[in-house]
Amino acid sequence: MFYPITTDLDFETGLLKQFEVKVTRRLSDMKGMYQDEAEFEKKLAENPIIYEVFERRVPLEEGHLVHSVTVINPGKIGKEYYMTKGHYHEQDKTAEIYLGLKGRGYVLMMNRERETTYREMNPGTIVYVPPFWAHRTINVGSEKVVFLCVYPANAGHDYGSIEKSGFSKIVIEENQFPKIIDV
Ligand code: PAN
Ligand code: ZN
């Protein structure tokens with residue numbers, strides 16, 4: 001029997017005060033995901049942390065809800081902003097809720113027909129990622145982007161499809177503003 005738990009979220013920072021799982025994604029974990037390959041190779045020397053995920057441990061079974069906080073650092077590889085790898089859910093009928101806590105984010109979403117759309121995520125924005133949509137979060141600002149994620153614990157992550165085919169659009173900085181362009 002899994003007993004109820006509480007978690008303290010610090011509204012100043014958006015960070016969780018308790019977590020059991022921490023995932024760190026560095027640039028080297030994102031091979032092939034940035035368009036500017038020369039810049040990617042160059043930045044590999046310092047291999048910066050692109051984002052981190054802090055998660056409460058709950059059973060990864062149907063009925064449970066994973067809840068975690070993601071922190072994406074500000075930065076760019078060439079013109080492209082730091083972002084998450086992005087994924088479809090393995091159980092692709094599962095949805096997800098994001099709640100923006102800090103910073104300026106874009107959530108890029110793509111369905112299996114490769115139709116792509118995005119929603120801005122600022123502090124207080126709730127983004128609903130419906131079933132069947134791959135999702136990637138992009139830090140389009142100059143501060144950390146921090147957001148809470150809640151999703152079915154049996155959802156699973158299909159990173160392979162994105163590693164293989166990418167998203168059909170990318171987000172770049174142009175004249176100091178974010179711009180969505182076709183790949
Ligand atoms: C989020 C993501 C998190 C990191 O919790 O897992 O923001 O992004 P990647 O998983 O794409 O590396 C979520 O969407 N979970 O399902
Ligand atoms: Zn997800």
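Refer to the structure presented above.
The numbering scheme is per chain: residues are counted from 1 as the chain's sequence reads. Written order decides the labels, with chains lettered from A and ligands numbered from 1. Thresholds applied to this predicted model are a pLDDT of at least 70 for local features of residues and 80 or more for the giving and counting of side-chain atom pairs; totals over whole chains, interfaces and linings are not thresholded and use all residues. Heavy atoms from the whole structure form the basis of all side-chain values; hydrogens and water molecules are not counted.

K.L.:
Explain the sheet that holds strand E9 (residues 116-121) to me, and be specific about the residues and the numbers.
P.N.:
Ordered by their spatial adjacency, three strands build an open sheet running E9-E8-E11, and the pairing between neighbours is antiparallel. The strands lining the two open edges of the sheet, one partner per strand, are E9 and strand E11 (134-139). Between one strand axis and the next, the sheet turns by 20° as a mean value, whatever way the strands run. A pair of strands counts as paired when DSSP detects no fewer than two bridges linking them. Secondary structure elements follow DSSP: runs of H or I of four or more residues count as helices, runs of E of two or more count as strands, with numbering from the N terminus. As judged from the six bridges shared by strand E8 (residues 105-110) and E9, these two strands associate in the antiparallel manner. Looking across to E9, one finds that Met 109 is bridged to Thr 117. Each axis is a line fitted through C-alpha atoms, and for a helix only the stretch in contact is used; angles between axes span 0 to 180 degrees, taken between their N-to-C directions.

K.L.:
Break down the nonpolar core for me, citing the residues and quoting the values.
P.N.:
Ranked by size, the top nonpolar core spans 37 residues in total, and within it Tyr 34 and Ile 138 carry the most contacts. Elements that contribute at least two residues to this core include exactly strand E2 (49-55), strand E3 (65-72), E8, strand E10 (126-129), E11 and strand E12 (145-152). Of the residues forming this core, the biggest block, five residues, is contributed by E8. In terms of nonpolar packing, the next biggest core, distinct from the first, is built from seven residues, Phe 54, Val 69, Val 71 and Leu 101 among them. Nine residue types can take part in a nonpolar core, namely buried Ala, Val, Leu, Ile, Met, Phe, Trp, Tyr and Cys, and a core is a set of them joined through side-chain atoms within 4.5 Å. For the exposure calls, accessible area comes from a 1.4 Å probe over protein chains only, and a residue counts as buried if that area is under 20% of its type's maximum, exposed if over 50%, partly exposed in between.

K.L.:
Please give an account of the layout of surface pockets that cites residues and values.
P.N.:
By volume, the largest pocket is sized at about 330 Å³. Mapped by element, the contributors of at least two residues to the lining of the largest pocket are strand E1 (21-26), E2, E3, strand E7 (96-102), E11 and E12. Taken together, the residues of the lining of the largest pocket sort by class into nine nonpolar, eight polar and five charged. A 1.4 Å probe that fits into a set of points on a 1 Å grid over the protein atoms alone but cannot get out defines a cavity; an open set with protein on both sides within 12 Å along at least five of seven lines defines a pocket, and lining residues are those with an atom within 4 Å of a point. Grid points are joined across faces, edges and corners, and a volume is the space filled by probe spheres set on the points. Here the second largest pocket defines a volume of roughly 150 Å³. Around the second largest pocket, the lining residues are Lys 31, Gly 32, Met 33, Gln 35, Arg 136, Ile 162, Glu 163, Ser 165, Gly 166, Phe 167, Ile 170 and Val 183. When residues are grouped by polarity, Ala, Val, Leu, Ile, Met, Phe, Trp, Tyr, Cys and Pro land in nonpolar, Asp, Glu, Lys and Arg in charged, and all others, Gly among them, in polar.

K.L.:
Describe the site of ligand 1, naming the residues involved and giving the relevant values.
P.N.:
Taken together, 17 residues sit near ligand 1, with Tyr 51, Thr 70, Glu 96, Tyr 98 and Tyr 159 positioned nearest. Polar contacts here mean pairs of N or O atoms no more than 3.5 Å apart (in protein, one a potential hydrogen donor and the other a potential acceptor; neighbouring residues in sequence count only if both atoms are side-chain atoms). Between ligand 1 and His 87 there is a distance of 3.0 Å, counted from an oxygen atom to a side-chain nitrogen or oxygen. Take Glu 96: an N or O atom from its side chain is 2.8 Å from an oxygen atom of ligand 1. Of all the elements in the fold, those that place two or more residues in the shell around ligand 1 are E2, E3, E7 and E12. Note on definitions. A residue lies near a molecule or strand when any single heavy atom of the residue is within 4 Å of it.

K.L.:
Please provide a residue-by-residue account of the coordination of the zinc ion (ligand 2), values included.
P.N.:
The donor set comprises N, O and S atoms within 2.8 Å of the metal, extended to 3.2 Å for Na, K and Ca; water molecules are omitted, so apparent gaps in a site may simply reflect that omission. All of the protein donors around the zinc ion (ligand 2) are His 87 (NE2), His 89 (NE2), Glu 96 (OE) and His 135 (NE2); their distances to the metal are 2.1 to 2.2 Å. Between 85 and 135 degrees for all angles marks four donors as tetrahedral; over 155 degrees for opposite donors together with 65 to 115 for all other angles marks four donors as square planar and six as octahedral; every other arrangement is irregular. Coordination geometry of the zinc ion (ligand 2): the six donor atoms subtend angles of 76 to 173° at the metal centre, consistent with an arrangement described as octahedral. Between the donor residues of the zinc ion (ligand 2), the gaps in sequence give the motif H-x1-H-x6-E-x38-H. One end of the pair, His 89, is in strand E6 (residues 88-89); the other, His 135, is in strand E11, and 46 residues separate them in sequence.

K.L.:
Outline empty space enclosed by the protein, supporting the account with residue identities and numerical values.
P.N.:
Per the counting criterion, the structure on display carries one cavity of 30 Å³ or more. The calculated volume of the largest cavity comes to roughly 40 Å³. Lining the largest cavity are Tyr 88, His 89, Asp 92, Thr 94, Ala 95, Glu 96, Val 129, Pro 130, Pro 131, Phe 132, Trp 133 and His 135. Residues belonging to the lining of the largest cavity are distributed by class as follows: seven nonpolar, three polar and two charged.

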